[in-house]
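The lines below spell out each chain.
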Amino acid sequence: YLLADGMGGAQAGEMASRLAVETVSECVRSSATRNVELLVQSFEEANRRVLAMAHSETHLSGMGTTLVGVLDCGDQLAIASVGDSRAYLFEENRLLRITEDQTWAWEVGRRLGIDAERLKTHPRRHVPTLAIGDLSAKDGGAVIAPGTSCRHQIKDGAGVPARPPMEGGAAPLN
């Protein structure tokens, strides 16, 4: 399952999100294995392709997309996200956010000590720090950096591990 939200103008954002979804889908369909590494590699390939398209046509310069994906790996789910598109887990009549946004507010604002209530309305709350098509990853390096909370695995029956609650009472999976 994939969700992409394009950015960079109507046409460019639509093309970036479509290309990202098509790329991840193609990578998953062509692989015999299903695991979190496949999902991460397919996100990285989507990043390379979106960057290549943006560089090939000037009217697409700056295009990008957020992307969140859930891959059924048989006995577990692999989840990856880039940007501020989120994955949630509905369990025991509660909706738990299990990915963290890569936005200025989430990554920088919290470190600066801006409280959660102010961050909800902060003018930079939707400014992405990472996206598919992000120029900082133009060398083909990892879009999803190890140590971030954008890679997750949920094993059957495991539920959400005990962690300090995030905004809204959700607990992240790492």
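Residues numbered from 1 in each chain as written. Predicted model: local features only at pLDDT ≥ 70, side-chain atom pairs only at ≥ 80, totals over all residues. Heavy atoms only, no water.

Remarks on the confidence of the model for the protein chain
This is how it is decided: Each residue carries a pLDDT score, the predictor's own confidence in it, on a scale running from 0 to 100. Residue contacts follow a heavy-atom distance rule, with two residues in contact if any of their heavy atoms lie within 4.5 Å.
Predicted confidence across the protein chain gives a mean pLDDT of 76, with 76% of residues reaching 70 or more. Taken as a whole, residues 137–174 scores under 50 in pLDDT and shows 89 contacts with residues more than four places along the chain or in a different chain.

Here's the deal with helix α2 (residues 36–56)
What counts is decided by this rule: Secondary structure counts use DSSP, requiring at least four H or I residues in a row for a helix and at least two E residues in a row for a strand, with both numbered from the N terminus. To estimate the expected span of a helix, subtract one from its residue number and multiply by 1.5 Å. Using a 1.4 Å probe on the protein chains alone, a residue whose accessible area is under 20% of its type maximum counts as buried, one over 50% counts as exposed, and one in between counts as partly exposed. In protein, a polar contact means a hydrogen-donor-capable atom and an acceptor-capable atom, both N or O and within 3.5 Å, with residues adjacent in sequence counting only if both atoms are side-chain atoms; elsewhere, any N or O pair within 3.5 Å suffices.
When the terminal C-alpha atoms of α2 are compared, their 30 Å separation across 21 residues agrees well with the 30 Å that a helix rising 1.5 Å per residue should span. Of the residues making up α2, those classed as buried are V36, L38, L39, V40, S42, F43, E44, A46, N47, V50, L51 and A54. The opening residue of α2 is N35, an N-cap whose side-chain oxygen sits 3.2 Å from the backbone nitrogen of E37.

Side note on the pattern of salt bridges
Put simply, the rule is: The term salt bridge refers to a side-chain nitrogen of Lys or Arg lying within 4 Å of a carboxyl oxygen of Asp or Glu.
Scanning the model with the defined rule gives five salt bridges in all. A salt bridge links R49 to E45, with the nearest nitrogen and oxygen atoms 2.9 Å apart. Residue R49 and its partner E45 are located together in helix α2, separated by four residues, close to a single helical turn. Beyond isolated ion pairs, a larger network of salt bridges with shared partners links E26, E45, R48 and R49.

Details of the pairing of strand β3 (residues 76–82)
Let me state the cut-off plainly: A pair of strands is considered paired only if DSSP assigns at least 2 bridges between the two.
Burial runs high along β3: six of the seven residues are buried. The antiparallel pairing of strand β2 (residues 64–72) with β3 creates a hairpin that spans three residues between the two strands, and G74 there sits at a positive phi of about 95°.

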